[in-house]
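The lines below spell out each chain.
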Amino acid sequence: MVDVLRPLATPSPGTGEIFQILRDGHARTKAELAALTGLARSTVASRVDALLAADLLRPAGEAVSTGGRPPARVAFNPRAGLVLAVDLGATHATVAVADLAGVILDARTRAIDIGEGPEALLDAILAEGSALLEATAGGLPLVGVGIGVPGPVEHSTGRPTNPPIMPGWDRFDVPGYVQRTFDVPVLVDNDVNILALGEQATSWPRVDDLVFVKVSTGIGAGIIAGGQLQRGAQGSAGDMGHVQVPMSAGSARQPGDERDLEALASGSALAVALRAEGHDVHTASDVVGLVRAGNAAAIEATRQAGRDVGEVLATVVNLFNPSIIVLGGSIARAGEHLLAGVREVVYRRSIPLATQHLAIVQSQAGDRAAVLGAAIMVAREVLSPASVDRYVAAKGSKSAGSAPT
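Residues numbered from 1 in each chain as written. Predicted model: local features only at pLDDT ≥ 70, side-chain atom pairs only at ≥ 80, totals over all residues. Heavy atoms only, no water.

Of the regular secondary structure elements, the protein holds 14 helices and 15 strands. Expected size for 405 residues packed as a compact globule is a radius of gyration near 22 Å; at 24 Å, the protein falls within 12% of this value. Projected onto its principal axes, the C-alpha positions of the protein cover 80 × 50 × 35 Å. Buried positions account for 50% of the 405 residues belonging to the protein. The long-range share in the protein, meaning contacts at least 24 apart out of those at least 6 apart in sequence, stands at 62%. (Helix = DSSP H or I, 4+ residues; strand = E, 2+ residues; numbered from the N terminus. Rg over C-alpha atoms; globule rule 2.2 N^0.38 Å. Buried < 20%, exposed > 50% of the residue type's maximum accessible area, 1.4 Å probe, protein only. Contact = heavy atoms within 4.5 Å.)

Before going further, it helps to examine the pairing of strand β4 (residues 82-88). Across a regular strand the side chains alternate sides, sitting on one face of the sheet and then on the other. Burial of β4 is extensive: seven of the seven residues sit out of reach of the surface. Two elements, β4 and strand β5 (residues 92-99), share seven bridges in a ladder whose sense is antiparallel. The residue of β5 that forms the bridge with Leu88 is Ala93. Relative to strand β7 (residues 142-149), β4 is paired through six bridges, and the arrangement is parallel. (Pairing = 2+ DSSP bridges.)

Right, let's get into the pattern of salt bridges. Enumeration over the complete set of coordinates arrives at 14 salt bridges. The partner of Arg108 in a salt bridge is Glu128, with the nearest N and O atoms 3.2 Å apart. With Arg108 in strand β6 (residues 104-111) and Glu128 in helix α4 (residues 118-136), the pair connects residues that are 20 residues apart, well separated along the chain. On the accessibility criterion, Arg108 (32% relative accessible area) is partly exposed. On the accessibility criterion, Glu128 (19% relative accessible area) is buried. What you see here is one network of salt bridges that share partners, running through Glu300, Arg303, Arg307 and Glu344. (Salt bridge = Lys/Arg side-chain N within 4 Å of Asp/Glu carboxyl O.)

What follows deals with the sheet that holds β4. In space, the five strands of this open sheet follow the order β6-β5-β4-β7-β10, with mixed pairing throughout. Edge strands, defined here as strands with exactly one partner in the open sheet, are β6 and β10 (186-190). On average, each strand axis in the sheet is inclined to that of its neighbour by 15 degrees, with strand direction left out of account. Where α4 meets the sheet, its contacts fall on β4, β5, β6 and β7, and the angle it forms with β6 comes to roughly 150 degrees. (Axes fitted to C-alpha atoms, helices over the stretch in contact; angles between N-to-C directions.)

Moving on, we come to the nonpolar core. Inside soluble globular proteins, nonpolar side chains tend to come together where they are buried. Residues Phe19, Leu51, Leu56 and Leu383 are the most contacted members of the largest nonpolar core, which totals 50 residues. Broken down by element, the residue count for this core peaks at nine residues, all from helix α13 (residues 369-382). Membership of the second largest hydrophobic core comes to 39 residues, among which are Val215, Leu261, Leu264 and Leu327. (Core = buried A, V, L, I, M, F, W, Y, C linked by side-chain atoms within 4.5 Å.)

Following the criterion strictly, the structure yields three aromatic pairs and no others. Centre to centre, the rings of Trp169 and Phe172 are 6.4 Å apart; their planes meet at 70 degrees, and the pair counts as edge-to-face. A single burial state applies to Trp169 and to Phe172, both of which are buried. Within the aromatic cluster, the residues linked to one another by ring pairs are Trp169, Phe172 and Tyr177. (Phe/Tyr/Trp six-rings, centres within 6.5 Å; stacked < 30°, edge-to-face > 60°.)

Turning to the pairing of β5, a few remarks are in order. Across the eight residues of β5, seven count as buried, placing the element largely inside the fold. Count of turn residues in the β4/β5 antiparallel hairpin: three residues. In the sheet, β5 pairs with β6 via seven bridges, with the strands oriented antiparallel. Note on β6: the bridge partner recorded for Ala96 is Ala107.

Our next topic: the sheet that holds strand β1 (residues 28-29). Pairing is antiparallel across the open sheet formed by three strands, whose spatial order is β1-β3-β2. The sheet is open, and its two edges are formed by β1 and β2 (57-62), each paired on a single side. Across the sheet, helix α1 (residues 15-22) lies against β1, β2 and β3 (72-76), angled at about 90 degrees from β3, the strand it touches most.

What follows is about the packing of helix α9 (residues 284-292) against helix α10 (residues 296-320). Where α9 meets α10, the axes come as close as 7 Å, and the angle between the chain directions of the two elements is 115 degrees. With respect to each other, α9 and α10 are oriented roughly perpendicular. The element α9 and its partner α10 pack so that their crossing is left-handed. Mapping the contact onto sequence places Val287, Leu290 and Val291 in α9 and Ala298, Ile299 and Thr302 in α10. (Parallel < 35°, antiparallel > 145°, perpendicular 65-115°, else oblique. Left-handed = near helix turned anticlockwise from the far one by under 90°.)

Attention shifts here to the side chain of Asp191. Following the sequence through the fold, Asp191 ends up in helix α6 (residues 191-203). Not counting chain neighbours up to four residues away, the residues in contact with Asp191 comprise Val149, Pro150 and Lys214.

As a further point, take the environment of Met240. Locating Met240 in the fold gives a position in the loop between β13 (228-230) and α7 (261-265). As for Met240 and Gly218, which are separated by 22 residues in sequence, their C-alpha atoms are 9.7 Å apart. Apart from residues lying up to four places away in sequence, Met240 is in contact with Val213, Ala221, Leu261, Val309, Val312 and Leu313.

Here the focus is helix α3 (residues 41-53). With 13 residues, α3 extends 18 Å from end C-alpha to end C-alpha; this agrees with the ideal 18 Å at 1.5 Å per step. Just downstream of α3, Asp55 is the residue with a positive phi angle, here 70 degrees. (Expected span 1.5 Å × (residues − 1).)

As a further point, take unusual backbone geometry. Although it is not a glycine, Arg171 adopts a positive phi angle of roughly 65 degrees. Locating Arg171 in the fold gives a position in the loop between β9 (159-160) and α5 (174-178). Overall, the relative accessible area of 37% leaves Arg171 in the partly exposed class. In the Ramachandran plot, Asn321 falls in the positive-phi region, its phi being about 55 degrees despite a non-glycine side chain. Along the chain, Asn321 falls in the loop between α10 and β14 (324-328). Asn321 gets classed as partly exposed once you look at its relative accessible area, which sits at 43%.

Written as structure tokens, this is what we have:
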């Protein structure tokens, strides 16, 4: 497979910027692009022709004529390349092939044990990905691989850092290992970040300020601000689980209880609390089963977990002022109880202006949200203005018969 966007030549400035306008999927004429950019028609024409030659744009029929020959329209070609997207969980892995618009073309899910270690698990995942690509590619090149993992990631290197449920993965060079099989850019991120991207694309495409909170075995948040995923300086933004929960007047906690949110409200914490009351629960899945069975103690524990999550989220709302908070993860899918607890506290403890139009909702993106988010993460990187400029320049150099540099 060939990385179609590998930086091989001197960029042609401006071509990538014109391409960004067309990424919305709407077909436009060269005259319309000239009007939008303020560039000369000849300049726009040469850059559009270069994008067509690079296969990043495709002809899209003719516009209505105002006299004379109807002008041709062009549109983004999402089949210029493919992305391999991977969602690694503690007990499952989903591998998918997507086009450059984030459309999932095929996907497979299998049971795994993240504790197997990186080499054995990645070997199996890459074999699965190779089989999917062989069945799906149809001659299209692979342009990148996106991987979500259930732990913190140093985004600049793609290395997991001290992941509590990923023994043997600490500082492992995931991109370097994957590139032994696929010589393309490999991006790795925390699973909740790619879930936030997938949720936004699926359910809230016009929302620029969104927080996705995953409440499962652990607790974390993906933050999208101004339309951009926020990772922070080292990639640890959104680590809600290690925030100490403020004490409240109605709390059953004892004075001096300084446990963090994950120790109070995660699926693992709820299992410990319910087991102490005599219930046969050991995992987050067991907790969900009790809630769905109507067990009063499990329902109340989940509602209280929602209140604890809400105590932390109220601070997030006051500082960040999102439009949407989305709750996902296994505990959120157990019913409305977690959601009700979060709403109860957030709306009470946040300033009125911040909650005036705030919606707190359950995730609607489904099981493929994470691989969709991983595909979007890669597409944004390889289709950025700078990457497109480099790719078009490289294609032009090859067409002219000169060796790329």
